[in-house]
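A closer look at the structure
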Amino acid sequence: MSSMPDISARLEALETHAAHQGEVVEALNATVTAQWAAIDALRRQMGALVERLEATETRDGPPAGQRPPHY
């Protein structure tokens, strides 16, 4: 049979461990949330840059029927 102090010590260790794990989970959640926000901002920025590039290519492309200067 286990003694009462032994069970109390084990229970306290488990509670401490669970509290620490809760803090770790909250920290990881905050990190993942911040990363998703950064990824979303980068996706929007990349989409805007792609649109600008496509608009520049169609506007400033070589005249029809002429070769580009590097040929």
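Everything below is about the structure printed above this text.
The sections below set out a description of the structure shown in this document. Just so we're clear, the structure is a prediction, and the values are computed from it rather than from any experiment. (Residues numbered from 1 in each chain as written. Predicted model: local features only at pLDDT ≥ 70, side-chain atom pairs only at ≥ 80, totals over all residues. Heavy atoms only, no water.)

1. A closer look at the overall build of the protein chain
Formally: Counting from the N terminus, the helices are DSSP H or I runs at least four residues long and the strands are E runs at least two residues long. Think of it in three bands: residues with accessible area under 20% of the maximum for their type are buried, residues over 50% are exposed, and the middle band is partly exposed, with areas taken using a 1.4 Å probe on protein chains only. Values of accessible area rely on a 1.4 Å probe in the Shrake-Rupley scheme; residue burial ignores everything except the protein chains shown.
The number of helices and strands found in the protein chain is one helix and zero strands. Taking all 71 residues of the protein chain together, 0% fall into the buried category. Total accessible area computed for the protein chain in this model is approximately 6,800 Å², and 61% of it derives from carbon and sulfur atoms.

2. Some details on a nonpolar patch on the surface
Short version of the rule: Residues qualify for a patch when their relative accessible area is over 30% and they have no salt bridge, like charges being joined within 9 Å and the nonpolar side chains of Val, Leu, Ile, Met, Phe, Trp and Tyr within 5 Å. Salt bridge, as used here: a side-chain nitrogen of Lys or Arg that lies within 4 Å of a carboxyl oxygen of Asp or Glu.
There is a patch of nonpolar side chains on the surface, built from V32, W36 and I39 and spanning about 270 Å² of accessible area. Structurally, W36 is set in helix 1 (residues 4–60). Judged by its relative accessible area of 48%, W36 falls in the partly exposed class.

Purely geometric stuff here, so don't read any function into it on its own.
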